[in-house]
Amino acid sequence: MNKRKREEEEEEGIRMGTDIVWQTPANPPHPHDYIFRNGIRYVKPYYFEFIAHKNGEFLAGVRLRIGGLGKLLWIYSPKSSKVDLMNIIAVKCGRIQVDGERVSVSYIVKSSQKISHFVHRHEPPVMACEVPILQKELDVLTVCKPASVPVHPCGQYRKNTVVGILQAEHGLAPVFPVHRLDRLVSGLLILARNASKADIFRQQIEGGLVRKKYIARVVGEFPKDEVRDSAKGKAASTKFTRISSNGAQSIVLCEPITGRTHQIRVHLKHSGHPIANDMLYISDETVDRSSKGSSADRSACTSATALTSSIEEKVVNDCEEKSNVGFSIDPMCTNCPNLAPKGYDTDEEGLWLHCIQYSGPDWTYECPYPDWAKLTQTT
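Residues numbered from 1 in each chain as written. Predicted model: local features only at pLDDT ≥ 70, side-chain atom pairs only at ≥ 80, totals over all residues. Heavy atoms only, no water.

Details of helix H4 (residues 162–170)
One full turn of an α-helix is made of 3.6 residues, so residues set three or four places apart face in the same direction.
At step 1: Taken residue by residue, H4 has Val162, Val163, Gly164, Ile165, Leu166 and Ala168 as its buried positions.
At step 2: Immediately downstream of H4, the backbone of Gly171 shows phi near 65°, a positive value. (Buried < 20%, exposed > 50% of the residue type's maximum accessible area, 1.4 Å probe, protein only. Helix = DSSP H or I, 4+ residues; strand = E, 2+ residues; numbered from the N terminus.)

Structure representation (structure tokens):
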């Protein structure tokens, strides 16, 4: 009898807690969403609805395939039976729904149906720096982007971004980033305050009318005279000018003529003077980023935590949260009870690469130099 009852409950599914508030991209971030510990900014884990339509696409690590729903959803590793088990449990708990309805594991997903995956979302931590506003105009906002903070929502980052922090702590939304800065790079970031202004900036950048200036702290004594470095393959050129040097390290002005990924970092490495704390390019040896160096380049996709039969028993029969120091523990979450998701640590530092100026046909925006741009003399 007990076995029969359990089978019926499994087929019908266990209800999700009615007190859970599910967030979507439409929900704005708030100041109380952040937790600050030991110089690190965390995002309080929250429940989030990922949405996809059955078109064989990828979303949040979930692959949609034709067939029964229990065999249709994999996370990270489609060959992992333990991960498959996790998704079966999610279906039974109502964490995976189709068109807003609970379904059985054997349900066949039809074309264009909406699949909702409700997850307990943990965002990667960033350094606990403010986002200083440099200029606030009618159509333009400029800020000094802190290192380690992404510009806009991407990957696992949503609230721990410049755009998210500006909305949460300054009430500034919407804003449209005009240009990109890598996550570990700091300095000037220009944001348009309306779509039309953003389009004007876009046309000027695409037309080659915008000049950019960065400073970097590099290894060794950089040549005093101006240096231009052009990489092979796709056209890429950067102008370098030494500002100061103490013999061991140098402060260099970098003016990229083109805009390739990691262009300044790559060109400085090729010049023999890589950025002094750039673990990715400071050596010809491949850095094992899974165990050392910056976690910025570490893959966000880690193996799912093993799910034993005892965990399955617990999850299927108890899909309720348990409070723990400022946020809720979710029994289906493989990241709980930690604040940060697996694969991310808190010991990284920002690159010694900083954007100081952008200028166009009739405008110039600047950002102050960082503290690391002051060299101490070697003895």
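Section: the nonpolar core
At step 1: Formed by 61 residues in total, the largest nonpolar core has its most connected members in Ile190, Tyr214 and Leu268.
At step 2: Aside from chain neighbours lying at most four places away, what touches Ile190 is Val140, Leu141, Thr142, Phe176, Pro177, Val178, His179, Phe201, Tyr358, Trp363 and Tyr365. (Core = buried A, V, L, I, M, F, W, Y, C linked by side-chain atoms within 4.5 Å. Contact = heavy atoms within 4.5 Å.)

A closer look at the environment of Cys355
At step 1: By the element assignment, Cys355 lies in strand S20 (residues 353–359).
At step 2: Looking at Cys355, the relative accessible area reads 0%, which means it is buried.
At step 3: Each C-alpha atom of the pair Cys355 and Leu188 lies 5.2 Å from the other, and the pair is 167 residues apart in sequence.
At step 4: Setting aside residues no more than four positions away along its own chain, Cys355 makes contact with Leu181, Ser186, Gly187, Leu188, Lys213, Tyr214 and Cys367.

Section: unusual backbone geometry
At step 1: The amide bond that connects Ala173 to the next residue, Pro174, takes the cis arrangement and shows omega of -5°.
At step 2: In this model, Asn38 sits at a positive phi of 50°, which is unusual for a non-glycine residue.
At step 3: Inspection of the secondary structure puts Asn38 in the loop between strand S1 (34–37) and strand S2 (40–43).

A short note on the sheet that holds S2
At step 1: Taken in spatial order, the three strands of this open sheet run S1-S2-S9, and their pairing is antiparallel. Of all the strands in the sheet, just S1 and strand S9 (126–127) have a single pairing partner and so form its edges.
At step 2: Bridge count for S2 against S9 is two bridges, and the pairing is antiparallel. Paired with Arg41 across the bridge in S9 is Val126.
At step 3: The strands touched by H4 are S1 and S2; relative to S1, the strand with the most contacts, the crossing angle is about 100°. (Pairing = 2+ DSSP bridges. Axes fitted to C-alpha atoms, helices over the stretch in contact; angles between N-to-C directions.)

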